[in-house]
Amino acid sequence: MKKVIYTLFSTALLATGCADLDPTLEQDRSLEGGINSVEDIRSVLNSAYNYMSTREYYGRDVIIFGEVRSDNAYSDANSNRFITVAKMDMTKTDAYASDTWTQINKTIVSTNVVINADRAKITGDVTTLNHYLGEAYAIRALAHFDLLKLYGQQYQESDRTKALGVPYTKVFGKAIYPARETVQHTYELIMEDLNAAISNLSASKDDASAHYITTFAAYALKARIALFFEDWATARDAAKYVIDHKGSRLDIADANDFAKTFTTDNTKNQIFSIANNDSDNTGVNSLGNIYFGSYGDVVMLNDLYSKYETGDVRKALFSEVKAGKTYRMRKQTDIIGAQDIPLIRYEEVVLTYAEALFRLGDTANALAQLNLIPAKRRATAYTSATLENILLERRKEFAGEGFRFYDIARNKQDMPLVDDALQTYGTVTYGSYKYSFPIPDAEMGANGNMVQNKGY
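Draft legend 1. Quick peek at the overall build of the protein. Along the backbone of the protein there are 18 helices and 6 strands. When the backbone C-alpha atoms are referred to their principal axes, the protein occupies close to 60 × 50 × 45 Å. Within the protein, buried positions represent 61% of all 456 residues. When the accessible surface of the protein is summed, it comes to about 16,400 Å², and 49% of that surface belongs to carbon and sulfur atoms. Charged side chains in the protein number 50 positive and 58 negative. The centres of these two groups are separated by 3 Å.

What follows is the structure, encoded as structure tokens:
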């Protein structure tokens with residue numbers, strides 16, 4: 001496995017805690033003349049992947065945010081982690097909101113360094129350079145989408161042209177104080193970046209591992225984000241591109257191999273994964289440790305476990321804690337975080353395609369796509385394509401991977417309360433301010449153009 005390297009070059013140039021989202025002018029002067037080759041671009045781009053792998057982002061927290069605020073899981077407060085998130089009772093000084101905001105924006109800074117580099121001064125293969133630019137555009141799009149899912153006001157305001165989204169930061173090298181875009185404009189800017197990514201990426205330059213953004217990853221992200229924004233035709237077409245062009249590289253994991261796809265690098269269903277190994281991992285702060293290790297705060301609920309039939313290979317990834325009540329999730333089996341973390345799986349593309357087809361009225365083909373997944377899980381096929389069945393299959397397939405909260409929220413549903421003794425958020429109806437994180441207090445204090453979310 002090739003682990004993305006956080007180079008000294010990137011460390012020196014990009015370490016930042018600035019609340020205004022970009023490195024200081026001092027750091028800008030350090031960059032002047034510092035990026036001269038395609039290799040330099042690769043070094044800076046690697047820092048973006050590194051930021052994504054930390055516990056505050058995809059190394060753990062962003063995935064847990066999508067589980068512990070839903071009917072999938074709760075926090076038992078074993079090590080006092082994710083208590084406020086699970087209660088959906090955060091404040092503007094909450095460390096989870098602040099740390100993730102900072103880490104995602106550091107990722108964006110790295111991509112902006114790459115995108116804004118003076119191409120006239122960069123030596124090396126042009127196709128490779130363009131491919132790296134494509135990676136940067138795709139990561140910048142994903143990072144802004146993640147900010148929007150967490151901090152946007154699309155759950156509170158139905159008119160996306162009025163709802164507050166997030167700042168969309170494209171510049172590097174000067175202190176800026178960006179205002180929030182609308183949710184609709186945030187989406188448009190995300191799609192602009194993804195289209196730029198697709199136009200720059202070259203299939204011939206796609207890395208053989210799943211550790212870097214590829215052409216397939218860019219199209220899969222486009223499908224994911226379009227689905228969230230109810231842009232059904234775009235979601236359908238982007239997913240169909242991956243399905244039609246995957247060749248022998250990608251496929252749904254077979255029943256016998258399903259568990260291995262979370263413990264083995266570069267399996268046939270992994271489109272993009274966070275790279276981890278024995279020497280570069282999150283240690284006790286890992287995803288595995290929060291699910292079943294010494295921390296073990298995040299526990300799965302029986303309402304989820306009960307949805308699996310006997311014989312479904314996904315059911316074997318749960319271990320019982322309290323009979324008929326709670327379970328440990330064991331997709332990630334290494335408690336020090338030495339395993340890769342799949343962020344985009346081919347199965348997601350298939351189920352996105354199924355949902356987009358259903359939304360567009362093509363129920364026959366939607367059913368055919370939907371049933372491709374249970375056919376490889378030793379589960380019963382569905383007899384009809386309905387939104388309920390599609391969301392159920394997404395819930396079963398992606399349990400523990402951070403999708404559930406957003407599947408409920410994007411469908412404008414109340415947050416299910418399936419165990420009022422364990423779930424601590426109580427009754428939370430769609431439209432509540434609690435669906436969104438607060439803008440961190442430090443950001444509010446540093447940026448006079450920032451507007452706080454409702455309720456905080």
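Draft legend 2. Structural context of the sheet that holds strand β5 (residues 326–329). Spatial strand order, β1-β3-β5-β4: 4 strands in an open sheet with antiparallel pairing. On the outer flanks of this sheet lie β1 (73–75) and β4 (318–322), each paired with one strand and no other. Each adjacent strand pair in this sheet contributes to an overall mean axis angle of 45°, direction not counted. Here 3 bridges tie β1 to strand β3 (residues 298–301), and the two strands are oriented antiparallel to one another. Considered in β3, the bridge of Ala73 is made with Met300. The strands touched by helix α4 (residues 61–68) are β1 and β3; relative to β1, the strand with the most contacts, the crossing angle is about 110°.

Draft legend 3. Looking closely at the nonpolar core. Among the nonpolar cores identified, the biggest contains 130 residues, and Ile271 and Tyr291 are the most heavily contacted of them. When residues in this core are grouped by element, the largest group, 15 residues, is from helix α7 (residues 126–151). If sequence neighbours within four positions are ignored, Tyr291 has contacts with Ile63, Ile64, Glu67, Gly296, Val298, Met300, Arg328, Met329 and Gly400. Among the nonpolar cores identified, the runner-up in size contains 5 residues, and Ala255, Phe258, Val313 and Leu317 belong to it.

Draft legend 4. Here's a closer look at empty space enclosed by the protein. Under the definition given, this model contains 4 cavities of 30 Å³ or more. Its boundaries defined by the atoms lining it, the largest cavity holds a volume of some 360 Å³. For the largest cavity, the lining is made up of 28 residues, of which Lys149, Arg224, Glu401, Gly402 and Phe403 are closest to its centre. Surrounding the second largest cavity, Ser53, Gly59, Asn276, Thr282, Ser286, Leu287, Gly288, Gln332, Gly337 and Ile341 form its lining. Here the residues of the lining of the second largest cavity sort into 2 nonpolar, 8 polar and no charged.

Draft legend 5. Focus on helix α6 (residues 95–115). Relative to the 30 Å expected for 21 residues at 1.5 Å per residue, α6 spans 30 Å between its end C-alpha atoms, a close match to the ideal helical length. In terms of residue burial, α6 counts as a mostly covered element, since 17 of its 21 residues are buried. Between the side-chain oxygen of the N-cap and the backbone nitrogen of Tyr96 there are 2.8 Å, and the N-cap of α6 in question is Asp94.

Draft legend 6. Spotlight on the pattern of salt bridges. If you walk through the whole model with that rule in mind, you get 35 salt bridges. Salt-bridge contacts for Glu230 lead to Lys412; the nearest nitrogen and oxygen are separated by 3.0 Å. With Glu230 in the loop between α9 (215–228) and α10 (232–245) and Lys412 in the loop between α17 (404–410) and α18 (441–446), this residue pair connects regions lying 182 residues apart in the sequence. Given the relative accessible area of 42%, Lys412 is considered partly exposed. Look at the salt bridges and you will find they share partners, linking Asp312, Arg314, Lys331, Arg345, Glu347, Arg377, Glu393, Lys396, Glu397 and Glu401 into a network.

Draft legend 7. Inspection of the packing of aromatic side chains at higher detail. A complete count under the given rule lists 25 aromatic pairs for this structure. Aromatic pair Tyr219 and Tyr241: ring centres 3.7 Å apart, planes at 15°, arrangement stacked. Taken together, the positions of Tyr219 in helix α9 and Tyr241 in helix α10 put the pair 22 residues apart, joining distant regions of the chain. The exposure class of Tyr241 is partly exposed, given its relative accessible area of 26%. A centroid spacing of 5.7 Å and a plane angle of 65° characterise the contact between Tyr305 and Phe318, whose relative ring orientation is edge-to-face. On the criterion of sequence distance, the pair formed by Tyr305 in helix α12 (residues 302–305) and Phe318 in strand β4 is long-range, its members being 13 residues apart. Clustering of aromatic rings is evident, with ring pairs tying together Phe65, Phe82, Tyr96, Trp101, Tyr151 and Phe437. One Lys or Arg, Arg69, reaches over the ring of Phe405 and ends 3.8 Å from the middle of that ring.

Draft legend 8. Expanded view of the packing of α9 against α10. Where α9 contacts α10, the two axes come as close as 8 Å, and the packing angle between them is 155°. Classified by the angle their axes make, α9 and α10 are roughly antiparallel. As for the relative orientation of α9 and α10, their crossing is left-handed in sense. Residue-level inspection shows Phe216, Tyr219, Ala220, Lys222, Ala223, Ala226 and Leu227 of α9 in contact with α10, the latter providing Trp232, Thr234, Ala235, Ala238, Ala239, Tyr241, Val242 and His245. Looking at the contact of α9 with α10 residue by residue, the class counts come to 12 nonpolar, 2 polar and 1 charged.

Each value, and the rule that gives it
- Residues numbered from 1 in each chain as written.
- Predicted model: local features only at pLDDT ≥ 70, side-chain atom pairs only at ≥ 80, totals over all residues.
- Heavy atoms only, no water.
- Helix = DSSP H or I, 4+ residues; strand = E, 2+ residues; numbered from the N terminus.
- Buried < 20%, exposed > 50% of the residue type's maximum accessible area, 1.4 Å probe, protein only.
- Areas by Shrake-Rupley, 256 points an atom, 1.4 Å probe, with all protein chains shown as cover.
- Lys, Arg positive; Asp, Glu negative; His and termini not counted.
- Charge placed at Lys NZ, Arg CZ, Asp CG, Glu CD.
- Pairing = 2+ DSSP bridges.
- Axes fitted to C-alpha atoms, helices over the stretch in contact; angles between N-to-C directions.
- Contact = heavy atoms within 4.5 Å.
- Core = buried A, V, L, I, M, F, W, Y, C linked by side-chain atoms within 4.5 Å.
- 1 Å grid on protein atoms, 1.4 Å probe; cavity = no way out; pocket = protein on both sides within 12 Å on 5 of 7 lines; lining within 4 Å.
- Points joined across faces, edges and corners; volume = space filled by probe spheres on them.
- Nonpolar A, V, L, I, M, F, W, Y, C, P; charged D, E, K, R; others polar.
- Expected span 1.5 Å × (residues − 1).
- Polar contact = N/O pair within 3.5 Å; in protein donor to acceptor, adjacent residues only side chain to side chain.
- Salt bridge = Lys/Arg side-chain N within 4 Å of Asp/Glu carboxyl O.
- Phe/Tyr/Trp six-rings, centres within 6.5 Å; stacked < 30°, edge-to-face > 60°.
- Lys NZ or Arg CZ within 6 Å of the ring centre and 35° of its normal.
- Parallel < 35°, antiparallel > 145°, perpendicular 65-115°, else oblique.
- Left-handed = near helix turned anticlockwise from the far one by under 90°.

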